[in-house]
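# Remarks on the overall topology
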Amino acid sequence: MSVSAPPSPARARPWPLVTAAAVCLLSFTAFWVAQRLAHVNMLDVMVYRAEAETLRSGGDLYAMRATSANLAMTYPPLAAVLFLPLTLVGVPLMRTLNTAGNLLLVLALIRLSLQLVHPRISLPAARAELWRRSLWVAAIVVWCEPVWTTLRYGQINLLVAVAVLWDLTRRPGGPGARWAGVGIGLATAVKLTPGLFVVLLFAAGLLLWRRERGAGAGRGMNPWLRTGLTATGVFLVTTLAMVVALPDASKTFWTRTLFETGRVGHAEETANQSVSGVLARLLHTDTPGLWWVAAAGLLGSAAMILAIRAALRGDRAVAVVITAFTALMISPISWSHHWVWCVPLLILLYDRATRAWPVTGAVALAFASFALWWVPHDPGRPELHQNAGQMVLSAVYPLTALAVFAGYALSEWRSRSRGRDTALVERVPRPREDDLREAETDDARVAVRAPQAVAKE
């Protein structure tokens, strides 16, 4: 019996990638079937279509109501313009294309998240490995609650996250670097909450510019400032274009609709995973008012300090993830499907917490458990009468985010403490031999040798 020669590296190399692609395709197919068996209604994409149809017919965008749930438009006017292509096909095909598009966006979000955590993996030599990892991760995270619910409603959360991450993973001088900021600007013009990334860009950019100028090394704008300026410019240009093209709708949104958070839904709904929702359920009211303002202000400030400090240290992945979760926490309404930012968080934790895998497992379980839906939720608004256990379950995402923030802050404090100790040891002068010989008493010898003992520790 002859022994066949082992496959050459050129022939063997593609198999891991092919296997990953096959597993991902199988998982996506099972996901598609499961969504059809669950009779998902894709309610939000139907609202998007109705908004575009209202725009085409010249109707009042913010007086429009759509679907059996009587839902209103809550986005700026630009969104209706971007939704116009939805009216070019029939409803069944629109739903199919929406599901297929969102599944591709899952893959894009994972790919960009991996590039954010491992910038070198985007180099041409590592492209096959990037695709292999992306496919394996996509086969798993597609089943987590935020992603499932995004596809269930036909939402645009994945598209917004991809637009933001595309900007924040551009390498200076690399492909598309000069366009960095366009995605964040457009995302902010459509959904507003991505505007917190602009705050991060300007804060980090200005502080870095000041540091470089103080060191005599400042030469023009750094990438943070440049991206922030581009994002701001795109936001202003598109918003002003809508003011010119749709003056009545723009006036209605920016002077009235923007402040009507109630038209989005009730604050206490279990699907609302923001600080506002937690306080509403805790206080048994749908208007947490000043309690929310104070809590959002304190939490937002503390979290953004962490994000900016991470950016200044060059840890872009941590800065981006903290900013994303801060925006979700302080927004008046952050539905569970908005938390698709759990994908880059899980990738980051898996990469950084190799010796603390239970932490990554616990966070993954929080987003995969659907725990927030274990509590009573129906049009009768039972969330206003939750007990302590139900409140914990319906606050699973904010509690997880707070735990991540606290854990990161604690690790940074410990790192700085160790750094100060190391600096102290390095500054302790070594005693000279002459000093040791000249010391005549035991007390003097102890006093002279004490710094040396500290240095050895």
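An account of the accompanying structure is given in this report. Keep in mind it's a predicted model, so treat the numbers as computed, not measured.

Let us now look at the packing of helix α5 (residues 91–117) against helix α16 (residues 342–352). α16 packs onto α5 with a crossing angle of 40° between their chain directions and a minimal axis gap of 9 Å. Taken together, the axis directions place α5 and α16 in an arrangement best described as oblique. For the element pair α5 and α16, the recorded crossing hand is right-handed. Touching L109, I110, S113, L114 and V117 of α5 are V343, P344, I347, L348 and D351, all from α16. Counted by class, the contact of α5 with α16 contains eight nonpolar, one polar and one charged residues.

This part is about the layout of surface pockets. When its volume is computed, the second largest pocket comes out at roughly 620 Å³. Along the wall of the second largest pocket there are 22 residues; nearest its centre are L349, R352, A353, Y408 and S411. At the level of secondary structure, the elements contributing two or more residues to the lining of the second largest pocket comprise α15 (316–330), α16, α17 (357–368) and α19 (396–427). The biggest single contributor to the lining of the second largest pocket is α19, with six residues. Class assignment of the residues belonging to the lining of the second largest pocket gives a composition of 15 nonpolar, four polar and three charged.

Quick look at the pattern of salt bridges now. Evaluated as defined, the whole model comprises ten salt bridges. The closest approach of N and O atoms between R132 and E129, which form a salt bridge, is 2.7 Å. Of the two residues, R132 and E129 both sit in helix α6 (residues 127–141), three residues apart, roughly one turn of that helix. The class of R132 is partly exposed, set by a relative accessible area of 25%. In this structure, D315 engages R352 in a salt bridge whose closest nitrogen and oxygen atoms are separated by 3.0 Å. Pair noted here: D315 is in the loop between α14 (290–312) and α15 and R352 is in helix α16, with a separation of 37 residues, a long-range link. Judged by its relative accessible area of 43%, R352 falls in the partly exposed class. Here the salt bridges do not stand alone but share partners, grouping E129, R132 and R133 into one network.

A separate point is the state of the cysteines. Under the definition given, this model contains zero disulfides. Summary of cysteine pairing: C342 is not part of a disulfide, and the nearest cysteine sulfur, belonging to C144, is at 3.9 Å.

With that settled, consider the packing of helix α3 (residues 43–57) against α5. In contact at an axis separation of 11 Å, α3 and α5 are set at 120° when each is read in the N-to-C sense. Accordingly, the angle class assigned to the pair α3 and α5 is oblique. You can see that α3 and α5 cross each other, and the crossing is right-handed. Contacts between α3 and α5 involve V45, M46 and R49 on the former and, on the latter, V91, M94, R95 and N98. Its residues assigned to classes, the contact of α3 with α5 shows four nonpolar, one polar and two charged.

Cut-off values and rules
Residues numbered from 1 in each chain as written. Predicted model: local features only at pLDDT ≥ 70, side-chain atom pairs only at ≥ 80, totals over all residues. Heavy atoms only, no water. Axes fitted to C-alpha atoms, helices over the stretch in contact; angles between N-to-C directions. Helix = DSSP H or I, 4+ residues; strand = E, 2+ residues; numbered from the N terminus. Parallel < 35°, antiparallel > 145°, perpendicular 65-115°, else oblique. Left-handed = near helix turned anticlockwise from the far one by under 90°. Contact = heavy atoms within 4.5 Å. Nonpolar A, V, L, I, M, F, W, Y, C, P; charged D, E, K, R; others polar. 1 Å grid on protein atoms, 1.4 Å probe; cavity = no way out; pocket = protein on both sides within 12 Å on 5 of 7 lines; lining within 4 Å. Points joined across faces, edges and corners; volume = space filled by probe spheres on them. Salt bridge = Lys/Arg side-chain N within 4 Å of Asp/Glu carboxyl O. Buried < 20%, exposed > 50% of the residue type's maximum accessible area, 1.4 Å probe, protein only. Disulfide = S-S within 2.5 Å.

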